[in-house]
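# Fold and geometry: a report
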Amino acid sequence: MITAVYPGSFDPATYGHLDIIKRASISFDRVIVGVLHNSAKSPLFSVEERVKILKEATKDLPNVQIDSFSGLLVDYAREKDLHVIVRGLRAITDFEYELQMAQTNRMLSHGKIDTVFLTTSLEYAYLSSSAIKQIASFDGDITPCVPDFVADLIYDKYRQKKLSENSDV
């Protein structure tokens, strides 16, 4: 049984992420979506919220499991006995960074972890979580980018931020 891990911040989870998850779930017996807790970033959603969002978005994929981790991906993979990392590529600009990370992870795992790249479907190639957050922060339409329930949660977050900023003034 081959289990792959698809790591990321998923802040927020986009249709591009979900496309990669669905396609990986066809190629592997089990896929663990590893939500990274990165203390160097200040995400829109907490790790717990991102896990909950992904569980809802992938509830129809029985071989997909959502988990969270912090620290090095290779340490998480070693702990879970995982040997395959899945990464999505949107454009050639992603490849250079992802190749470097794949080689680093292989070296850190002493050759026990390989990375499999899936190219994002063309209709999602333009998506990025940061762009979606920027559009939403200006009340732009993000419904083509994320599931409706995720769009509602994002808009709610920005409404809450605006309310708290206005109450601080």
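Please read these numbers as outputs of a predicted model, since none were measured by experiment. (Residues numbered from 1 in each chain as written. Predicted model: local features only at pLDDT ≥ 70, side-chain atom pairs only at ≥ 80, totals over all residues. Heavy atoms only, no water.)

Secondary-structure assignment places Asp 11 in the loop between β1 (3-8) and α1 (15-27). Residue class for Asp 11 comes out buried when judged on its relative accessible area of 5%. Of the polar contacts made by the side chain of Asp 11, one reaches the backbone nitrogen of Phe 45; its length is 2.9 Å. Only 3.0 Å separates the side chain of Asp 11 from the side chain of Lys 133, close enough to count as a polar contact. Residues in contact with Asp 11, not counting those within four places in the same chain, are Pro 43, Leu 44, Phe 45, Arg 50, Ser 129 and Lys 133. (Helix = DSSP H or I, 4+ residues; strand = E, 2+ residues; numbered from the N terminus. Buried < 20%, exposed > 50% of the residue type's maximum accessible area, 1.4 Å probe, protein only. Polar contact = N/O pair within 3.5 Å; in protein donor to acceptor, adjacent residues only side chain to side chain. Contact = heavy atoms within 4.5 Å.)

It is worth spelling out the layout of surface pockets at this point. As a volume, the largest pocket reaches approximately 1200 Å³. Considering the residues around the largest pocket, the lining is formed by 45 residues, among which Pro 7, Gly 8, Ser 9, Lys 41 and Arg 87 are closest to the centre. Looking at the lining of the largest pocket, the elements that each hand over two or more residues are β1, α1, β2 (30-37), α2 (47-57), β4 (84-89), α4 (92-108), β5 (114-119) and α5 (129-137). Per-element tally for the lining of the largest pocket: the top contributor is α4, with nine residues. Among the residues forming the lining of the largest pocket, the class breakdown is 18 nonpolar, 19 polar and eight charged. Taken as a whole, the second largest pocket encloses approximately 190 Å³ of empty space. Along its surface, the second largest pocket is lined by Phe 45, Glu 48, Glu 49, Lys 52, Ile 53, Glu 56, Phe 149, Leu 153, Asp 156, Lys 157 and Gln 160. Those elements that provide at least two residues to the lining of the second largest pocket are α2 and α6 (148-168). Looking at the lining of the second largest pocket residue by residue, the classes come out as four nonpolar, one polar and six charged. (1 Å grid on protein atoms, 1.4 Å probe; cavity = no way out; pocket = protein on both sides within 12 Å on 5 of 7 lines; lining within 4 Å. Points joined across faces, edges and corners; volume = space filled by probe spheres on them. Nonpolar A, V, L, I, M, F, W, Y, C, P; charged D, E, K, R; others polar.)

Bringing α2 into the picture now. For α2, the complete set of buried residues consists of Val 47, Arg 50, Val 51, Ile 53 and Leu 54. Within α2, the buried residues cover an arc of 160° as seen down the axis, which keeps them to one side. Summarising the geometry of α2, the exposed residues directed more than 90 degrees from the buried face are Glu 48 and Lys 52. (Arc of directions from axis to C-beta.)

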